[in-house]
Amino acid sequence: MLIKFIIASVVYLGILIFLVRRTRLKEKTTSNYLLGGGNIGFVIGLFTTAATLFSAFTVVGMPDFFRTHGVGAWIFLAVSDTMMVYALLRVGEILRRKARKLDFKGMSGLMATTYETKLAGYVAFGGAVIFLIPYIAVQISGISIFLNAAFPDAIPVWAWSLIIVGIMIVYSETGGLRAIMYNDTLQGILLFVTIWIIGWNCIDHFGGITSMFEKVALVKEELLSVPGPNGLFTAQFFIISAIAIISLPFTQPQISTRVVIMKSSKALRKMAIGLGVVAILVILPTMFMGMYGAVLYPDATTQEFIGHVLLYDQASGVAALGLIGLIAAAISTSDSQIFALGSELRSLLNLDDKKAISITRIFIMVFGLLALIFSIVSTEHLVLLARTSFTGTAMMGPMILVGILSRKKLSKLMPIVTLLALVVFILSKMGMVPSQIWLLQTEIVLFSVLALAVFFELVVIRSTKVKSD
Amino acid sequence: MKMKRTTLLRVLDCLAILTFIATFSPLVIPENEIRPFLMGIPYTMWMGFLVSVIFVVLAYFVSIINKEERNAD
């Protein structure tokens, strides 16, 4: 398999190099380097958004979720993703309208402008950094450990991490957002093909879906309902996850940028619908993989299970493709997140464009290096921040949505309450603040407090001055 | 025409909110209940699949209604 993996890697890298050369920018400006020219069509927009959204978690985490906790994982991710698509369509156009009027460079800058205070920008940027860097680090670490397990005599774990981050930084620095998006398209297609081949093989093992669920029922019937064998899938868990995922297009800078730079409203609408369909089609085979693991590897560790379903139980060619698909999934999300952090920083800088771009490019390398270091020196706190990253960034959702949707002059209430909510959330995850208050999980309490703050901002704090946008 | 569009959007928003609420109720996620099956698929799985399709369909109707709406282009 090593030889087939090397061949597949060479082909993949060859295509990446071709795309990098095509998208190489001599003269880098905010518009062409950070915003991809601001005129992305529906097809590229769909693939890049899907590739950014569906990370290594989709290939590794979701099958394991289905295997361990059961069919409720569909509600957790697929249903939440389609709810997100609806929200994207309803609010995305308003975001684009506001972004174009206010010379959008990043969500942090947009928040500083709409709230007329740098604090809002710093909260948006700080929240993104605190939760995205660990998420990127854990992805890189996970993939590197997996590659090391697949090829134990090749190179050490840190060397795999270095190669992955190195590839990301080279094409990001050279071609900017457009390079990332073209690579996302390649990676998205690869992920889709790979996951369906493997998912199909899993169904084929059972001879059909009905037979698959019959076998699962014999092994562990609790997997076929909620809350699942470990009691994870409660209504509160689903609500918190849904809020986190629905707010992704506005709270995760790599996705909000893609919403803004779609070339037309028509392209945005088609992209959003396509994303809903793709979400269903990508998560379905992960369910097949999970049920396969539930029957054949019920007591295996995650690594053992994924090793079998992606590699050892597949033909060597499919296994090599699976590995490349896994790497592609991790890279397509991580590079977008690292680059987006750079864009967010740029949006807060009041310098001439050339200088701002130079600083941004330096910081893209810095963020990449930080992710690399943390992937090698992974700690329990980092993993915790990564696992809670979607919920953490969702805490910024109310502030961002008020900033986008409101036409009135806004006070500092939302940025301050959001900052406090983020701090309390992190402390609750570290065990310094209770994770449950009475019957409610702390996240639900914090979301409720943020909702109350929104009510105060929009209804109670009246302003005679209406903003003229 | 604009009023009709606004009304239709409100109807779709109401349907989306109702579906959102129903998703977290025993209608979609009944505890420890696997029946009735549909083509061998347990209840929560096929109901969950249906809910995800409903949201995509609602989103599609929003996109049709918004087609001629003032846009940012």
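Residues numbered from 1 in each chain as written. Chains lettered and ligands numbered in written order. Predicted model: local features only at pLDDT ≥ 70, side-chain atom pairs only at ≥ 80, totals over all residues. Heavy atoms only, no water.

> Account for the overall build of chain B, naming residues and giving values.
Of the regular secondary structure elements, chain B holds two helices and zero strands. Its C-alpha radius of gyration of 16 Å places chain B more than 25% over the 11 Å reference for a compact globule of 73 residues. Principal-axis analysis of the C-alpha atoms places the extent of chain B at approximately 50 × 20 × 20 Å. By the burial criterion, 42% of the 73 residues in chain B qualify as buried. Once local pairs closer than 6 in sequence are excluded, the contacts in chain B between residues at least 24 apart make up 49%. Computed over 7 positive and 6 negative side-chain charges, the inter-centroid distance for chain B is 9 Å. (Helix = DSSP H or I, 4+ residues; strand = E, 2+ residues; numbered from the N terminus. Rg over C-alpha atoms; globule rule 2.2 N^0.38 Å. Buried < 20%, exposed > 50% of the residue type's maximum accessible area, 1.4 Å probe, protein only. Contact = heavy atoms within 4.5 Å. Lys, Arg positive; Asp, Glu negative; His and termini not counted. Charge placed at Lys NZ, Arg CZ, Asp CG, Glu CD.)

> Provide a residue-level description of a nonpolar patch on the surface, including the pertinent values.
All names here are of chain A. A cluster of nonpolar side chains, namely W158, L162, I362, F363, M365, V366, L369, L370, I373, F374, I376 and V377, defines an oily patch on the protein surface of about 1000 Å² accessible area. Elements that contribute at least two residues to the nonpolar patch include exactly α8 (157–206) and α16 (353–376). The element contributing the most residues to the nonpolar patch is α16, with nine residues. With respect to the helices and strands, the residue L370 is situated in helix α16. (Patch = residues over 30% accessible without salt bridge, like charges linked within 9 Å, V, L, I, M, F, W, Y side chains within 5 Å. Areas by Shrake-Rupley, 256 points an atom, 1.4 Å probe, with all protein chains shown as cover. Salt bridge = Lys/Arg side-chain N within 4 Å of Asp/Glu carboxyl O.)

> Quick rundown of the packing of aromatic side chains? Include the residues and the values.
Here the distance between the centres and the angle between the planes together describe a pair of aromatic rings. Residues and elements named next belong to chain A. With the rule as written, the count across this model stands at 22 aromatic pairs over all chains. Ring plane angle 35 degrees and centroid distance 5.1 Å describe the contact between F65 and F76, whose orientation is recorded as tilted. Taken together, the residues F65 in helix α4 (residues 56–69) and F76 in helix α5 (residues 72–101) connect sequence positions eleven residues apart. Residue classification places F65 among the buried residues on the basis of a relative accessible area of 19%. When its relative accessible area of 12% is taken as the criterion, F76 is described as buried. On the numbers, 5.6 Å between centres and 35 degrees between planes, the contact of F76 with F237 is tilted. (Phe/Tyr/Trp six-rings, centres within 6.5 Å; stacked < 30°, edge-to-face > 60°.)

> Describe in detail the UniProt feature "transmembrane region" (unreviewed entry) in chain B, supporting the description with residues and values.
All names here are of chain B. UniProt marks residues 7–29 and 41–62 with the feature "transmembrane region" (unreviewed entry), using the numbering shown here. Counting secondary structure, residues 7–29 comes out at 74% helix and 0% strand; the distance between its end C-alpha atoms is 31 Å. From the first C-alpha to the last, residues 41–62 spans 30 Å; its make-up is 91% helix and 0% strand. (UniProt positions renumbered as here; feature names shortened; annotations may be inferred.)

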